[in-house]
Amino acid sequence: MIKNSTFTFLLSLLFFAAQAQDIIVRKNGKTIEGKVTEVGVDRITYKINKEESSANFVILKREVLRIEFENGQTVFMTDRIDGGRAKTVIERESEDFGANLINISPFKALDSGPGFGISYERIVDKSGHFGIILPLTVTIPGTSTYIFDVSDNNGSYMLYFSPGLKIYPFGQRKVTYAVGPNFFFGKGERWNNSSIYDPNTGGYISNGQNTDWVRMGLLVNNYINFQVTPKFQISLNGGLGSRYVDREKYISTTTVTRGLQVTGEFNFSLGFRF
């Protein structure tokens, strides 16, 4: 049921993004949805759909308050007096943002432990609704201990690679929301501080060893980006999903955890955009 709901939600977002249109806001408060094809000296030409063969419609620029383009950019039409004549001046609310993003995560939390990471993202369409993200994460797994053990990581680590798709329902803005799936693959080592009871001495003998650890699964992440300047951004994301492979090899024994295993992540990052 969870998988079906997630799939349906993602399909809905894809449909919404595909149907996104420009919005012409008139001074009387009414709106027109369509595709703006030309902003002329005194009039605006638009189509009511994206078909090239569809009819063109015209509205006088003096009747328009602003145009909200599907890529998230807003253009205001302002009437000013210049030399005794009324003149329409176009004022842009937002700047064009770069299609490449590099994010550094000084703090990242997964169920395998805290860590840090770096990611590269590329906006792949002109309207800014879709991006491909390639994160790389290093975490420090928690130690598996027993009552007589001393907690010690002894070089434990996990390296994750989690390529994913980001869907921006509202395009690129100063405050932007995105959602999308990430496939993750993790490999590393975890220190296992097991103890063996010795009947001769009546005590416990430490038998700590590094175990090889492999994980694979799928997450659905929610992102929010704050574009502080056209080049600098702050981002947060949180995701939930499931591990489908969780294998741990200890000496000659391999342990495989089966069934639905809920997993998640939280990430804070600072980014550069160009």
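Residues numbered from 1 in each chain as written. Predicted model: local features only at pLDDT ≥ 70, side-chain atom pairs only at ≥ 80, totals over all residues. Heavy atoms only, no water.

Regarding its fold elements, the protein presents 1 helix and 19 strands. Considering the protein as a whole, with its 274 residues, one finds that 39% of them fall into the buried category. Within the protein, counting contacts between residues at least 6 apart in sequence, those at least 24 apart form 55% of the total. Only carbon and sulfur atoms are counted for the fraction: they give 60% of the accessible area of the protein, which is about 15,700 Å². (Helix = DSSP H or I, 4+ residues; strand = E, 2+ residues; numbered from the N terminus. Buried < 20%, exposed > 50% of the residue type's maximum accessible area, 1.4 Å probe, protein only. Contact = heavy atoms within 4.5 Å. Areas by Shrake-Rupley, 256 points an atom, 1.4 Å probe, with all protein chains shown as cover.)

Counting 10 residues, the largest nonpolar core is built from Ile24, Ile32, Val36, Ile44, Tyr46, Ile59, Val64, Ile67, Val75 and Met77. When residues of this core are traced back to their parent elements, those giving at least two are strand E2 (31-39), strand E3 (43-47), strand E5 (64-68) and strand E6 (74-82). The residues touching Ile24, leaving out its near neighbours within four places in the chain, are Lys30, Thr31, Ile32, Val36, Ile44, Tyr46, Val64 and Arg66. (Core = buried A, V, L, I, M, F, W, Y, C linked by side-chain atoms within 4.5 Å.)

Let us look at the confidence of the model for the protein. Across the protein, the average pLDDT comes to 79, with 70% of residues at or above 70. Predicted confidence in the protein is weakest over helix H1 (residues 2-18), with a mean pLDDT of 48, and strongest over strand E12 (residues 164-167), with 96. Per-residue pLDDT stays below 50 along residues 8-18; that stretch engages in 14 contacts with residues further than four places along the chain or on separate chains. (pLDDT = per-residue confidence, 0-100.)

Let us look at the pattern of salt bridges. For the structure shown, the criterion picks out 8 salt bridges. A salt bridge links Asp42 to Arg43; its shortest N-O distance comes to 3.4 Å. Taking the relative accessible area as the measure of exposure, Asp42 reaches 42% and is therefore partly exposed. Given a relative accessible area of 41%, Arg43 falls into the partly exposed group. Within this structure, Asp111, Arg215, Arg243 and Asp246 form a network of salt bridges that share partners. (Salt bridge = Lys/Arg side-chain N within 4 Å of Asp/Glu carboxyl O.)

This brings us to the environment of Phe130. Within the secondary structure, Phe130 is located in strand E10 (residues 130-139). Each C-alpha atom of the pair Phe130 and Ile167 lies 4.9 Å from the other, and the pair is 37 residues apart in sequence.

A word on the side chain of Lys166. Here Lys166 shows up in strand E12. Judged by relative accessible area, Lys166 falls into the buried class, the value being 2%. In terms of polar contacts, Lys166 uses its side chain to reach the side chain of Glu121, at 3.1 Å. Those residues in contact with Lys166, other than ones at most four positions away along the chain, are Glu121, His129, Phe130, Gly131, Ile133, Ala178, Val179, Tyr223 and Asn225. (Polar contact = N/O pair within 3.5 Å; in protein donor to acceptor, adjacent residues only side chain to side chain.)

Let us now look at the environment of Leu240. With respect to the helices and strands, the residue Leu240 is situated in strand E17 (residues 232-250). Look at Leu240 and you get exposed, because its relative accessible area is 61%. Leave out the neighbours within four places in its chain, and Leu240 touches Leu219, Val220, Thr263 and Gly264.

Within this structure, the stated rule accounts for 3 aromatic pairs. A ring pair is formed by Tyr160 and Phe184, whose centres lie 6.1 Å apart and whose planes are at 65°; its orientation type is edge-to-face. Placement of the pair is Tyr160 in strand E11 (residues 157-161) and Phe184 in strand E13 (residues 175-192), with a sequence separation of 24 residues. Just as Tyr160 is buried, Phe184 falls in that class too. One Lys or Arg, Lys166, reaches over the ring of Tyr223 and ends 4.2 Å from the middle of that ring. (Phe/Tyr/Trp six-rings, centres within 6.5 Å; stacked < 30°, edge-to-face > 60°. Lys NZ or Arg CZ within 6 Å of the ring centre and 35° of its normal.)

When you tally the buried positions in E3, you get 4 out of 5 residues, the bulk of the element. As judged from the 4 bridges shared by E2 and E3, these two strands associate in the antiparallel manner. Residue pairing for E3: Lys35 is matched across the bridge by Lys47. Linkage of E2 to E3, two consecutive antiparallel strands, is achieved through a turn of 3 residues. In this structure, E3 lies alongside strand E4 (residues 56-60), joined through 5 bridges in antiparallel fashion. Among the inter-strand pairings, Ile44 is bridged to a residue of E4, identified as Ile59. (Pairing = 2+ DSSP bridges.)

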